[in-house]
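# Descriptive structure summary
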Amino acid sequence: MSDDDHHFESKADAGASKTFPQQAGTIRKNAYLVIKTRPCKVVEVSTSKTGKHGHAKCHFVAIDIFTGKKLEDIVPSSHNCDVPEVVRTDYQLIDISEDGFVSLLTENGDTKDDLRLPTDDQLLTQIKEGFKEGKDLVVTVMGAMGEEQICALKDVGPKN
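Worth saying up front: this structure is predicted, and the values here are computed from it rather than measured.

Core analysis: the largest hydrophobic core is formed by 14 residues, its most contacted members being Leu93, Val102, Leu104, Ile127, Val139, Val141 and Ile150. Within the residue set of this core, elements represented by two or more residues are strand E7 (87-96), strand E8 (101-105), helix H1 (121-132) and strand E10 (135-144). Residues in contact with Leu104, not counting those within four places in the same chain, are Tyr91, Gln92, Leu93, Ile94, Asp110, Thr111, Lys112, Asp113, Leu115, Val139 and Val141. Core analysis: the next-biggest nonpolar cluster, separate from the first, contains 13 residues, Leu33, Val42, Cys58 and Val75 among them.

Moving on, we come to the confidence of the model for the protein. Residues of the protein with pLDDT of at least 70 account for 87%, and the chain-wide mean is 85. Within the protein, strand E4 (residues 57-64) carries the highest mean pLDDT (95), whereas strand E11 (residues 147-158) carries the lowest (84). The low-confidence segment residues 10-16, where pLDDT is below 50, has 1 contact with residues more than four positions distant or belonging to other chains.

In the sheet, E7 pairs with E8 via 4 bridges, with the strands oriented antiparallel. Counterpart to Asp95 in the pairing with E8 is Ser103. Remark: 4 residues form the turn of the hairpin made by E7 and E8, two consecutive strands paired antiparallel; Gly100 in that turn has positive phi of roughly 90°. Sheet analysis places E8 next to strand E9 (residues 111-116), joined by 4 bridges and oriented antiparallel. The partner of Leu104 across the bridge, within E9, is Lys112. If you look at the hairpin formed by E8 and E9, you'll find 5 residues sitting between the two strands, and Gly109 has a positive phi there, around 90°.

Rules used throughout
Residues numbered from 1 in each chain as written. Predicted model: local features only at pLDDT ≥ 70, side-chain atom pairs only at ≥ 80, totals over all residues. Heavy atoms only, no water. Core = buried A, V, L, I, M, F, W, Y, C linked by side-chain atoms within 4.5 Å. Buried < 20%, exposed > 50% of the residue type's maximum accessible area, 1.4 Å probe, protein only. Helix = DSSP H or I, 4+ residues; strand = E, 2+ residues; numbered from the N terminus. Contact = heavy atoms within 4.5 Å. pLDDT = per-residue confidence, 0-100. Pairing = 2+ DSSP bridges.

Okay, structure coming up:
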């Protein structure tokens, strides 16, 4: 068999893995964690002592980073938990469409048109009012596990 007899067709994406394992006992408050297949930010951690027959357990209380729902999980401290790869990216706001989607400008000059306006009322009002006033707005998009959502807004100043 020669080297050119092997043809592999890769269907995997070039991006990093969506989650990585981390020992439950090392996860602290404000860290990220996957609970019930949802990416969450930990708001409270309590660890119980080892019992007569087993492991010390970690009790996590966390909030879903996209829906804001409170989730809880109890995991033995020596076991691994999935930790989501959370990425924050800044984009310049170009346009807001009638159906609630935003048009964003990426760093390399392309447009990104697949994001909805945020569900947070305060942030939504700030974006709409700033856009109406013609301000130059930069939105921060948080992405984890294949989901993305606008999570912050920066006012760069008036458009020239």
